[in-house]
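Residues per chain are reported as follows:
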Amino acid sequence: RSGRSAALRARMEERLLGARFRYLNQQLYTGSSQDAARLFRADPAAFHLYHRGFERQVRRWPERPVQRIVRYLRRRPASLVVADFGCGDCTLAASVKNQVHCFDLVPLSPRVTVCDMAKVPLAAESVDVAVFCLALMGTNLQEILGEANRVLKLGGTLMVAEVASRFEDTRAFLKAMTQLGFRTVSKDFSSSYFYLLEFAKTGPARPGPAPGLRLRPCLYKRR
Ligand code: SAH
């Protein structure tokens, strides 16, 4: 009997955690990056809950996108300086020899510099590679990618790994990226879970609206 009620309680707790995770996740994808920063500053426990939920989701995938970015960086010189926007647990920094600046809203690891990714404490044109691995969350995408453009050297690489179902119109998205100062170098649609896009910085972002720069929120189903 007590075994059964313990199992029931555990199942209820799982459900509650799942519901809170989905709620937080929705807030992150439907608000700006500044809203996300405020949310986690006010409630750091929410952040840890979010990350547990995120881990559980990504573990179901055949491959973690961050591993693809690790493989990519290992093929290139270790002297390249990297900025990891929305680094999470810093798997990337821990897996490569490069110097990696890790940015996130709350430190899951001592390597993290806590900040909103729309405003990172790096000098202009100071990094060779900027990474967004499942991290293009805020609605202010143009501002966030503009920040990546600012810190990247001319010709530097922007790597984006993002959930496939978030793309409404991939061509329009890539076209908008040219306005933000990025040329498409390669696109990998081979995984049904996520797209891997590589860009090179061609120059500063051009001002003005970039209507194609839209991603659907990534809403997880209740399981
Ligand atoms: N890149 C990691 C984590 C992806 S989860 C990986 O692939 O495993 C997305 C991360 O982006 C989370 O850690 C979340 O806290 C972070 N994030 C979301 N909005 C942010 C913001 N405005 N500024 C900095 N980090 C943000």
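Per an unreviewed UniProt entry, the chain is named Ribosomal RNA-processing protein 8, and its organism is Alaudala cheleensis. UniProt annotates the chain under Subunit (unreviewed entry) with the comment "Component of the eNoSC complex, composed of SIRT1, SUV39H1 and RRP8." Here the chain is described in UniProt, under the heading Subcellular location (unreviewed entry), as follows: "Nucleus, Nucleolus".

### Looking at the side chain of K201
Within the element layout of this structure, K201 appears in strand β7 (residues 194–201). Taking the relative accessible area as the measure of exposure, K201 reaches 6% and is therefore buried. A distance of 2.7 Å separates a polar atom in the side chain of K201 from the backbone oxygen of N149. With sequence-adjacent residues up to four places away left out, K201 is seen in contact with E125, N149, R150, L152, K153, L154, G155, G156, G181 and F182.

### As for helix α3 (residues 44–59)
Counted at 1.5 Å a residue, the expected span for α3 with its 16 residues is 22 Å, and the 23 Å between its end C-alpha atoms agrees. Of all the residues in α3, the buried ones are A46, F47, L49, Y50, H51, G53, F54, Q57 and V58. Of the surrounding secondary structure, the elements contacted by the buried residues of α3 are α1 (2–30), α2 (33–42) and β2 (100–104).

### Observations concerning the site of the ligand
In the region of the ligand, 17 residues are neighbours, and H51, G86, D104, M117 and C133 sit closest. Within the contact set of the ligand, a nitrogen atom lies 2.9 Å away from a backbone nitrogen or oxygen of M117. In the complex, 98% of the free accessible area of the ligand, which totals 570 Å², lies under the protein chains. Broken down by element, the residue count for the shell around the ligand peaks at 3 residues, all from α3. Here the residues of the shell around the ligand are counted per class, giving 10 nonpolar, 4 polar and 3 charged.

### Observations concerning the pairing of strand β6 (residues 182–188)
Across a regular strand the side chains alternate sides, sitting on one face of the sheet and then on the other. The pairing of β6 with β7 spans 6 bridges and is classified as antiparallel. Its bridge partner lying in β7, F182 is registered against K201. Between β6 and β7, which pair antiparallel in sequence order, lie 5 residues.

### A closer look at the domain arrangement of the chain
Taken domain by domain, the chain consists of domain 1 (1–59) and domain 2 (65–201). On a C-alpha basis, the centres of domain 1 and domain 2 stand 25 Å from each other. Roughly 1400 Å² is buried in total at the junction of domain 1 and domain 2, and carbon and sulfur atoms are behind 67% of that figure. Of all residues in domain 1, the largest losses of buried area upon contact with domain 2 belong to Y29, S33 and F47, amounting jointly to 40% of the total for that side.

Rules used throughout
Residues numbered from 1 in each chain as written. Predicted model: local features only at pLDDT ≥ 70, side-chain atom pairs only at ≥ 80, totals over all residues. Heavy atoms only, no water. UniProt positions renumbered as here; feature names shortened; annotations may be inferred. Helix = DSSP H or I, 4+ residues; strand = E, 2+ residues; numbered from the N terminus. Buried < 20%, exposed > 50% of the residue type's maximum accessible area, 1.4 Å probe, protein only. Polar contact = N/O pair within 3.5 Å; in protein donor to acceptor, adjacent residues only side chain to side chain. Contact = heavy atoms within 4.5 Å. Expected span 1.5 Å × (residues − 1). Near = heavy atom within 4 Å. Areas by Shrake-Rupley, 256 points an atom, 1.4 Å probe, with all protein chains shown as cover. Nonpolar A, V, L, I, M, F, W, Y, C, P; charged D, E, K, R; others polar. Pairing = 2+ DSSP bridges. Domains from an automatic or database assignment. Buried area = accessible area lost by both parts, 1.4 Å probe.

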